[in-house]
Amino acid sequence: MRILLLEDDLILSAELSKFLEDNNFEVKRVYDGNLFLSEVKQNNYELFLLDINVPKTNGLEVCEKIREEDKNTPIIMISAYGDLSDKKDAFNRLADDYLVKPFQFEELLMRMNSLIRRRSSDKNVSEKVITIEDLKINKTEQKVFRKGKEIILTVKEFQLLLLLAENPGKTFSKQQISEMVWQHNFNTNTNTVEVYINFLRKKIDKGFDVKLIHTRSGFGYFLNPQK
Amino acid sequence: MNIKNKIALNLSLLFSVFLGTILIIIYLFFAEFRKSEFVNVLKDRISTISNYFNEDEAIVDESKMINDTPTYSIHQEEIEVFNEKFEPIFSNITGKKNIWNEGDLLALKNTGSVYRRDTKAEIYGEKIGGRYFLIASEDFMGKEKLKYLGSLMLISFIVASSLVWILSFLFAKRMMAPLDIFQEKITRISANNLTERLPETDKKDEINLLAKVFNTMLGRIDRSYSSQKEFNASASHEIKTPLTRMAFQLENLAKLENENPQTKKYIQGISDEVYQVSDTVNSLLLLSKLEEEHLRDDRSSVRIDEVIFDAFEDVKRNFENFEINFDIHEENDSGNLTVKGIKPLLEIVFINLFKNACLYSFKKEVNVDISEDDLNLTVVVKSKGDLISEDDSQKIFDAFKRGSNSQQRSGSGLGLRICKRILDFHHAEISYRSEGSELNVFVVKFPLV
């Protein structure tokens, strides 16, 4: 896996690439923004790591220039600036992630792997859109529509809806929902699941004739169109 | 009352009193003048009438006497003449009571003349050649003149006063207008808006001088604030770059296989300290940033449960076995766990609370309860551990204050201070209490209205 690293501090650049090489990445190091941009044109890379404060063209401008032509290759900004406004700048220029120096190598590795995994899974998702009655769930964009109108859900609400919608008609107990949506180490009690089902009902079913989310009392919840 | 109105009010009041007094004095003088003029007329009349009497107390020619009126016409005059014994020898009053009384006659006898004003008429009496002449009449013309003068003065007073009141208010407003502009501009000036300047003119008045001095002062503040901001940003960058070098080198060093366990332990220790210093730098920077006004514009609706989930994920990266027991209590159906705020900042609050729970509790475990009613959204974070003493609990939200339960553990003493400041910024409250012998409870309360 080839990575292009923009970092003007020689020691940081050397240490970082040593770690990445130990983890089976192939790292090309450049020290200024202009060199980085010409390198991007000449070779193919699977991920870009950009420091912001570098000579000639700074990391944010580099990120913007890359995104003009390449929308897919993951970009992680690494910077000593940890301000909210700095992060906002980076995400506005379509960076995928932002790590504040100093960070632990393991954290960088986790984030890199997660981005690479997501990119490859994006390519493999067979069924990107789930449709049940007039409810549409776009899995890649994580967007939900009912009768063509977008419904804004939080991450957990989306995960809960997805769990039910991917298995229409199947009843999930509160315990199962709690484990599958909140995973290990996050213990929600059954009341919390009820609250989220309630939130979801308010957003998905309220005001529509066909109710989608149902309770099988004593067992749990399922999703199915029903008058 | 503002200065503007005070000046206008005092000025107008002073003018009104002054003008009023002058007009009243003029009126009184004129009234006195009218009286003496009328008395002279009555005197003349008496003197004319007296010429028509001969020594035998008989009237020479009555019809001539009555018609011999002076140039100044006397309205409905009533004349009565008495001899020395006060026996009436002439009267033109028919069928009604005399308008003079005993007192008048007595005064006339004693002093030789009398003047008195009745409700309507004025009475004058004089002794001429052993006879007493009394005349009563109403000074219609004089009174009319006086009345006319009075109305004229009253109208002039009202018009002049109103004009002065209006003009002085306008004048004061115009004079003080620069101060209003100052006030508006100064209100707008904040840490982010130090380039704003007050308007200056070429005039040499006090207000303009004040503007000049204020602008000079603002310039100085702007320069020092900018250099301080610049220093903060570059200092933190300059501190963090070598820290990052150290951290990266230590990480690679720790991975070298030939190091013995003791060395690895030291490396880990140094590495922890490096992250600690970096955390402190970040925290100090964040505290100084919270002063900035523009942050207020970044507020949006934030789901507090999402904030807690993200904070949990963040803390879990460093504390793998961190566990959370999560519960929601909704008082009514309309709740939606939403507050107005800045999500990344609110995340820092819960990251700090969770980190504390991991560092200072027996188990890396917290209980989080969210409850919502019509007025507040409350998040209670509980963890089991050594209790914070009564003394310490008063100070834990101050900068660089650490409870006695935090000895032996690294920390900047800024975490809870930052929580407090972020929550202050959100108009929310944080408080601490202990429950039983080992439960530390932090309560975060967001107002919903």
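Every chain begins its residue count from 1, and numbering advances along the sequence as written. As they are written, the chains are lettered A onward and the ligands numbered 1 onward, keeping that order. This being a predicted model, a pLDDT of at least 70 is required before a residue's local features are given, and a value of 80 or more before pairs of side-chain atoms are given or counted; all residues contribute to the totals for chains, interfaces and linings. The side-chain numbers reported here are obtained from all heavy atoms of the structure, hydrogens and water having been left aside.

**Digging into the overall build of chain B**
Condition: Runs of H or I in DSSP of at least four residues are treated as helices and runs of E of at least two as strands, each being numbered from the N terminus. Exposure classes here rest on a 1.4 Å probe applied to the protein chains alone. A residue is buried below 20% of its type maximum, exposed above 50%, and partly exposed in between. Working rule for contacts: check all heavy atoms of both residues, and any pair within 4.5 Å makes them a contact. The accessible surface values rely on the Shrake-Rupley method and a 1.4 Å probe; as for residues, cover is taken only from the protein chains in view.
On a plain count of helices and strands, chain B comes out with 10 helices and 12 strands. Among the 449 residues that make up chain B, the fraction classed as buried is 40%. Sequence-distant contacts, at least 24 apart, represent 64% of the contacts inside chain B between residues at least 6 apart. Of the roughly 25700 Å² of accessible surface on chain B, 55% is carried by carbon and sulfur atoms.

**Brief notes about the sheet that holds strand S1 (residues 75-82) of chain B**
All names here are of chain B. Heads up, the rule is: Strand pairing is assigned whenever DSSP detects at least two bridges linking the two strands. Fitted lines through C-alpha atoms serve as axes, helices being fitted only where they are in contact, and the angles separating the N-to-C directions of these axes extend from 0 to 180 degrees.
Spatial ordering of the open sheet is given by S2-S1-S5-S4-S3, a layout of five strands whose pairing is antiparallel. Bordering the open sheet on either side are strand S2 (88-91) and strand S3 (113-117), each of which pairs with just one other strand. Neighbour to neighbour, the strand axes of the sheet diverge by 15° on average, direction disregarded. Pairing of S1 with strand S5 (residues 131-138) involves six bridges; the strand directions are antiparallel. Looking at the pairing, Glu80 lines up with Leu134 of S5. Lying over the sheet, helix H3 (residues 102-111) contacts S1, S3, strand S4 (122-128) and S5, oriented at roughly 145° with respect to S3.

**Quick word on helix H7 (residues 174-182) of chain A**
Residue and element names in this part refer to chain A. As a reminder, the rule being used: The directions from the helix axis to the C-beta atoms form the arc being described.
Along H7, the residues classified as buried are Ile177, Ser178, Val181 and Trp182. All buried residues of H7 lie within an arc of 100° about the axis, which places them on one face of the element. Where H7 terminates, the next one or two residues include Gln183, which has phi positive at roughly 60°.

**Regarding the interface of chain A and chain B**
For clarity, the threshold we go by: Buried area is a sum: the accessible area each of two parts loses on coming together, probed at 1.4 Å, counted once for each and added. In what follows, salt bridge is the name for a side-chain nitrogen of Lys or Arg lying within 4 Å of a carboxyl oxygen of Asp or Glu. Distance and chemistry together define a polar contact, namely a pair of N or O atoms within 3.5 Å, with one atom able to donate a hydrogen and the other to accept it when in protein, and with adjacent residues in sequence counting only for side-chain atoms on both sides. Residues are grouped as follows: nonpolar covers Ala, Val, Leu, Ile, Met, Phe, Trp, Tyr, Cys and Pro; charged covers Asp, Glu, Lys and Arg; every other residue, Gly included, is treated as polar.
Contacts between the two partners involve 42 residues from chain A, matched on the other side by 43 residues from chain B. Taken together, the two surfaces of chain A and chain B that pack against each other cover about 3700 Å², and 55% of this comes from carbon and sulfur. Measuring nitrogen to oxygen at the nearest pair gives 2.6 Å for the salt bridge that ties Arg245(B) to Asp9(A). At the boundary of chain A and chain B, one finds 15 residue pairs in polar contact (both at pLDDT 80 or more). Within the residue set of the side of chain A that touches chain B, elements represented by two or more residues are helix H1 (10-22), helix H4 (84-92), helix H5 (105-124), helix H6 (155-166), strand S10 (186-188) and helix H8 (190-204) of chain A. Ranked by the residues each element gives to the side of chain A that touches chain B, the list is headed by H8(A), at eight residues. In terms of residue class, the side of chain A that touches chain B is made up of 18 nonpolar, 11 polar and 13 charged. Pairing between S10(A) and strand S7 (residues 323-330) of chain B: three bridges, direction parallel. Bridging across to S7(B), Asn187(A) finds its partner in Asn325(B).

**With respect to the packing of aromatic side chains**
The condition is simple: When two rings of Phe, Tyr or Trp (its six-membered ring) have centres within 6.5 Å they constitute a pair, described as stacked for plane angles under 30 degrees, edge-to-face for angles over 60, and tilted for the intermediate range.
In the structure shown here, the tally under the stated rule is 19 aromatic pairs over all chains. Here the aromatic rings of Tyr196(A) and Phe309(B) are separated by 6.3 Å at their centres, their planes lie at 40°, and the arrangement is tilted. One end of the pair, Tyr196(A), is in helix H8; the other, Phe309(B), is in helix H7 (residues 304-318), on a second chain. Of the two residues, Tyr196(A) and Phe309(B), both sit in the buried class.

**Some words on the sheet that holds strand S2 (residues 26-30) of chain A**
All names here are of chain A. One open sheet holds the five strands; their spatial order is S2-S1-S3-S4-S5, and the pairing between them is parallel. Edge positions in the sheet fall to S2 and strand S5 (97-100), since each has one partner strand and no second. Ignoring which end each strand starts from, the neighbouring axes of this sheet average 20° apart. Sheet topology note: the strand S1 (residues 2-6)/strand S3 (residues 47-51) ladder contains four bridges and is parallel. The partner of Leu4 across the bridge, within S3, is Phe48. Across the face of the sheet, H1 comes into contact with S1, S2, S3 and strand S4 (75-79) while running at roughly 170° to S2. Contacts between helix H2 (residues 33-42) and the sheet are confined to S1, S2 and S3, with S1 contributing the most and set at about 160° to the helix.

**Overview of the nonpolar core**
Heads up, the condition is: Only buried Ala, Val, Leu, Ile, Met, Phe, Trp, Tyr and Cys residues count toward a nonpolar core, and they belong to the same one when joined by side-chain atoms within 4.5 Å.
Counting residues in each nonpolar core, the largest one holds 79 residues, and the members touching the most others are Ile304(B), Phe350(B), Leu353(B), Phe354(B), Val368(B), Ile370(B) and Val379(B). Broken down by element, the residue count for this core peaks at nine residues, all from helix H8 (residues 343-360) of chain B. Apart from residues no more than four positions distant in its own chain, Val379(B) is found in contact with Ile304(B), Ile308(B), Phe350(B), Val368(B), Asp369(B), Ile370(B), Phe442(B), Val443(B) and Val444(B). Core analysis: the second largest hydrophobic core is formed by 27 residues, Leu47(A), Ile76(A), Phe105(A) and Leu243(B) among them.

**Thoughts on the packing of helix H4 (residues 140-188) of chain B against helix H5 (residues 206-255) of chain B**
Residues and elements named next belong to chain B. Put simply, the test is: Angles below 35 degrees are treated as roughly parallel, those above 145 as roughly antiparallel, those between 65 and 115 as roughly perpendicular, and all remaining angles as oblique. In this scheme, a crossing is called left-handed if the near helix is turned counterclockwise away from the far one by less than a right angle; it is called right-handed if the turn is clockwise.
As a packed pair, H4 and H5 sit with axes 10 Å apart at the nearest point and diverge in direction by 20°. With respect to H5, the axis of H4 lies roughly parallel. Viewed along their axes, H4 and H5 form a crossing whose handedness is left-handed. Contact residues: H4 offers Met175, Pro178, Leu179, Phe182 and Ile186, while H5 offers Ile207, Leu210, Ala211 and Phe214.

**Here's the deal with the confidence of the model for chain B**
The criterion, for reference: Across the chain, each position has a pLDDT score giving the predictor's confidence in that residue, from 0 to 100.
For chain B, per-residue confidence averages 83 on the pLDDT scale, and 90% of positions sit at 70 or higher. Across the interfaces of the predicted complex, the ipTM metric reaches 0.72, alongside a pTM of 0.60.

**Side note on the environment of Lys143(A)**
Residue and element names in this part refer to chain A. Structurally, Lys143 can be placed in strand S8 (residues 143-146). Looking at Lys143, the relative accessible area reads 32%, which means it is partly exposed. Linking Lys143 and Phe158, residues 15 residues apart in sequence, is a C-alpha distance of 8.3 Å. With residues up to four places along the chain from it excluded, the contact list for Lys143 reads Lys136, Ile137, Asn138, Glu150 and Phe158.

**A few points about unusual backbone geometry**
Residues and elements named next belong to chain A. With an omega of -5°, the peptide bond between Lys101 and Pro102 qualifies as cis. Phi is positive for Asn24, which is not a glycine, with a value near 65°. Structurally, Asn24 can be placed in the loop between H1 and S2. We classify Asn24 as exposed; its relative accessible area is 66%. The backbone phi angle of Glu133 is positive, close to 55°, even though this residue is not glycine.

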